[in-house]
Structures are given as structure tokens and as C-alpha cells.
Amino acid sequence: MIPYQTATIPVTVFNQNCSLIWEPGSRQAAIIDPGGEPGRIIDAINRLNLKVELILLTHGHLDHAGGAKALKGVVDAARLAAGQEPVPLLGPDVRDLFLLDTIEAQASHFGMTGLRNVHPDRFLVEGEVIELGQLRFEVLHTPGHTPGHVVFVERQIRLSFVGDTLFHGGIGRTDFGYGDYDALITAIRDKLMPLGDDMEFVCGHGPGSTIGVERASNPALQGNL
Ligand SMILES: [Zn+2]
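The following paragraphs examine the structure supplied in this document.

Criteria and thresholds
Residues numbered from 1 in each chain as written. Predicted model: local features only at pLDDT ≥ 70, side-chain atom pairs only at ≥ 80, totals over all residues. Heavy atoms only, no water. Buried < 20%, exposed > 50% of the residue type's maximum accessible area, 1.4 Å probe, protein only. Helix = DSSP H or I, 4+ residues; strand = E, 2+ residues; numbered from the N terminus. Pairing = 2+ DSSP bridges. Donors = N, O, S within 2.8 Å, 3.2 Å for Na, K, Ca; no water. Tetrahedral: all angles 85-135°; square planar, octahedral: opposite > 155°, others 65-115°. Arc of directions from axis to C-beta. Contact = heavy atoms within 4.5 Å. Core = buried A, V, L, I, M, F, W, Y, C linked by side-chain atoms within 4.5 Å.

**Section: the pairing of strand 8 (residues 150–154)**
Logical step 1: The element strand 8 is largely enclosed, with a buried count of five among its five residues.
Logical step 2: Where strand 7 (residues 135–141) and strand 8 come together, four bridges link them in antiparallel fashion. Each residue of the ladder has a partner; that of histidine 141, found in strand 8, is valine 150.
Logical step 3: One ladder, built from three bridges, connects strand 8 with strand 9 (residues 159–161); its direction is antiparallel. Within strand 9, the residue paired with valine 153 across the bridge is serine 160.
Logical step 4: Between strand 8 and strand 9, which pair antiparallel and follow one another directly, the connecting turn spans four residues, one of which, arginine 158, has a positive phi of 60°.

**Looking at the coordination of the zinc ion**
Logical step 1: Protein coordination at the zinc ion comes from His59 (NE2), His61 (ND1), His145 (NE2) and Asp164 (OD), with a distance range of 2.2 to 2.3 Å.
Logical step 2: Relative to the metal, the four donor atoms surrounding the zinc ion lie at angles of 89 to 166°, and the coordination shape comes out irregular.
Logical step 3: Each donor residue of the zinc ion belongs to the same chain, with the gaps between them written as H-x1-H-x83-H-x18-D. With histidine 61 in the loop between strand 4 (51–56) and helix 2 (62–65) and aspartate 164 in the loop between strand 9 and strand 10 (166–167), this pair connects stretches of sequence that are 103 residues apart.

**A closer look at helix 1 (residues 38–47)**
Spacing of three or four residues puts side chains on the same side of an α-helix, whose turn is 3.6 residues.
Logical step 1: For helix 1, the full list of buried residues reads Ile41, Ile42, Ala44 and Ile45. For helix 1, the arc enclosing every buried residue in end-on projection is 160°, short of the 170-degree limit, so these residues lie on one face. Opposite the packed face of helix 1, turned more than 90 degrees from it, sit the exposed residues Asn46 and Arg47.
Logical step 2: Against strand 1 (5–11), strand 2 (16–22), strand 3 (28–32), strand 4 and helix 3 (68–81) lie the buried residues of helix 1.
Logical step 3: Positive phi shows up at asparagine 49, right after helix 1, with a value of about 60°.

**So, the nonpolar core**
Logical step 1: In terms of nonpolar packing, the biggest core is built from 28 residues, with Leu20, Ile31, Ile41, Ile45, Leu71 and Val118 touching the most fellow members.
Logical step 2: Top contributing element to this core by residue count: helix 1, with four residues.
Logical step 3: Setting aside residues up to four positions removed in sequence, isoleucine 45 forms contacts with Ile31, Leu50, Val52 and Leu71.
Logical step 4: Counting 19 residues, the second-largest nonpolar core is a separate cluster that includes Ile32, Leu90, Leu124 and Leu135.

**So, unusual backbone geometry**
Logical step 1: Of note, the amide linkage connecting glycine 91 to proline 92 takes the cis form, showing an omega dihedral of -5°.
Logical step 2: By the secondary structure assignment, proline 92 is in the loop between strand 5 (89–90) and helix 4 (97–100).
Logical step 3: With a phi angle near 65°, threonine 12 is a residue other than glycine that sits in the positive phi range.
Logical step 4: For threonine 12, the location among the structural elements is in the loop between strand 1 and strand 2.
Logical step 5: When its relative accessible area of 10% is taken as the criterion, threonine 12 is described as buried.
Logical step 6: Its identity as a non-glycine residue notwithstanding, asparagine 15 has a phi of 50°, on the positive side.
Logical step 7: Within the secondary structure, asparagine 15 sits in the loop between strand 1 and strand 2.

Structure (C-alpha cells):
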């Protein structure tokens, strides 16, 4: 079994689950969905003595991506001082570009400050694999909540990061102009459910779960699988 550790930091008024995952030996870490409050994320990184090697985004909503630019700035300053390259900021799928370009407008709509529009170093596509030491995060495109939503699947350790696709007891909202309920159900049915009942997941809000528990008991999936 590949050793790993995780931590979750709920950020913004939406209590979005910013995730840290790292290798205990090397302390190499990935940060997934730093939606805000970069100072609290940096405090956790320093307290845990982690080396941030990746920043990943599941989708372009403000509470998932709004802190990414500031966080990358702080991480890059430390890395450059140590003679290292800037940290790669990857994802989501390019179809969420319009959301990343309007984070500041989304934030002002909610009366939130400090969140920033952001462009990744590279958008991600279905099927590619992002490595962090021995950990391998497979990218799956799971549209519906947003057009460019992706999830990160680590099959070896049986852990996935699914953003706002699937929740414990629910599914992502699709009541935005760009939302697509049928696409979301199709992505959950055809891409998440086949990951296997023992696959655990961290979601964007609230407690995580497993595919098996949600297959058996999620009211939003009954009759849809
Ligand atoms: Zn969202």
C-alpha cells in the first residue's frame, strides 16, 4: 500500500473542502481546490511541513478556485527563493474558462472579497494522469454541475476528489444557466459508479463517502443508475 495522508480545510462562507494530500516520507503535497482563505491553507502547509508540488482545480466556481492565484503566489515565492520552479496549477477542463474569468464578478455578487480570477498553467483533459511521487491522479471529465468539471481518481489508494459532482446523500447543483442535470447523472453513472463500491471520495462540501454507500442510499441516484 502506498503511504499517504490527507487533511481538509473548509474555506469561504460556503465551507468548501480544500484538500491536502501528501506522501508522509517526502512531504510532497498536492492542494486541491484552494477556494479562498489562502492564509489558512499556508498555515496548514507550514504546520505540516509540506512541500507543495501541485495545485489542482476540479472546476471554476469561486469557492473552489478563488484562492488559487494568491496561494500560488505565496508558494512560488518560497519555491523561487529555494531555487525551484513555480508550482504547476492544473485544471479544470477548458470548458470552465468562462467561470475562472468571472470569479471576481461571482464574488461581488455574494459580497465576498479577496477572491481572484485565475488561469491555470494548463487545462486538463479526460484520461491524463498527474503524478505526485508514487500517487497517480487520473483525470475524468464529469460535466453537469459546470461544463468543465473534472475529478481526480487515485485507484491505488482507493480515494477520489470529486468536487461538486457527487455528495454524501446528494449531487451537485445544476440550476445554473450552464448546468446540465442529464449530463451530471450520466457522468456519475458512467464514470464514478464504475470506480467500485470501495472507492472513497472527498467532495466539495460536507462529509465524504464511498461509491458503494451512495449507490445504495443516495436519494438523488435512485432510479437513475
Ligand atoms: Zn461548484
